[in-house]
Amino acid sequence: MQQFKVAARRTEPIPFTIEGDDHVYQFVPPKRAAMVLDAVGVNASDDDAVANVIRQQFDWLGDGLGEEQAARIEGRLRDPNDDLDVDVLQELLKWLLEQASGRPTTPPSD
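First, a word on scope: everything that follows refers to the structure included in this document. (Residues numbered from 1 in each chain as written. Predicted model: local features only at pLDDT ≥ 70, side-chain atom pairs only at ≥ 80, totals over all residues. Heavy atoms only, no water.)

### Here's the deal with the overall build of the protein
Along the backbone of the protein there are four helices and two strands. Along the protein, helices (α) and strands (β) appear in the sequence β-β-α-α-α-α when read from the amino end. Within the protein, buried positions represent 26% of all 110 residues. Pairs at least 24 apart in sequence give 53% of the contacts found in the protein among residues at least 6 apart. When the accessible surface of the protein is split by element, carbon and sulfur atoms take 52% of a total near 8100 Å². (Helix = DSSP H or I, 4+ residues; strand = E, 2+ residues; numbered from the N terminus. Buried < 20%, exposed > 50% of the residue type's maximum accessible area, 1.4 Å probe, protein only. Contact = heavy atoms within 4.5 Å. Areas by Shrake-Rupley, 256 points an atom, 1.4 Å probe, with all protein chains shown as cover.)

### Description of the pattern of salt bridges
Tallying each qualifying case throughout the model produces five salt bridges. When the shortest N-O distance is used, the salt bridge between Arg-76 and Asp-82 registers 2.6 Å. Of the two residues examined, Arg-76 and Asp-82, each falls in the buried class. Here Glu-98 ties to Lys-94 by a salt bridge, and the two come within 3.8 Å at their closest N and O atoms. In this pair, Glu-98 and Lys-94 are both assigned in helix H4 (residues 86-101), four residues apart and thus about one turn of the helix distant. (Salt bridge = Lys/Arg side-chain N within 4 Å of Asp/Glu carboxyl O.)

### Quick word on a negative patch on the surface
Residues Glu-19, Asp-83, Asp-85, Asp-87 and Glu-91 make up a contiguous surface patch of negative charge. Here Asp-83 shows up in the loop between helix H3 (67-78) and H4. (Patch = residues over 30% accessible without salt bridge, like charges linked within 9 Å, V, L, I, M, F, W, Y side chains within 5 Å. Lys, Arg positive; Asp, Glu negative; His and termini not counted. Charge placed at Lys NZ, Arg CZ, Asp CG, Glu CD.)

### Remarks on H4
Along its 16 residues, H4 runs 22 Å from first to last C-alpha, staying within 8% of the 22 Å computed at 1.5 Å per residue. Taken together, the buried positions of H4 are occupied by Leu-89, Leu-92, Leu-93, Leu-96, Glu-98, Gln-99, Ala-100 and Ser-101. Once H4 finishes, Gly-102 follows within two positions and takes phi at roughly 80°, a positive value. (Expected span 1.5 Å × (residues − 1).)

### Some points on the environment of Arg-72
With respect to the element layout, Arg-72 can be found in helix H3. Its relative accessible area of 36% is what places Arg-72 among the partly exposed residues. Apart from the residues within four sequence positions on either side, Arg-72 is in contact with Asp-21, Asp-22, His-23 and Tyr-25.

This is the structure in structure tokens:
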């Protein structure tokens, strides 16, 4: 019988900054299952499924940042004069998922 080891979930805050903002965000990784389970159960069209996955990713990010920090990023996204856009958030989400899993695949940058 095969037994699968369950790794301890990272719970310490992961600090990061976003260019153009001097705030140091503190992301406390929530359990990833919540983000994945809802997306797996989607029975709608492909467009709806993609939208749901994106929504779950943003919810996961918001859960880890907390209301105030998530609102700060949302405000920057809605500001037409701020260059922060979804491509940066996708990169950020990927990095946070790697950090939260304890198995980073991206080398740290200086």
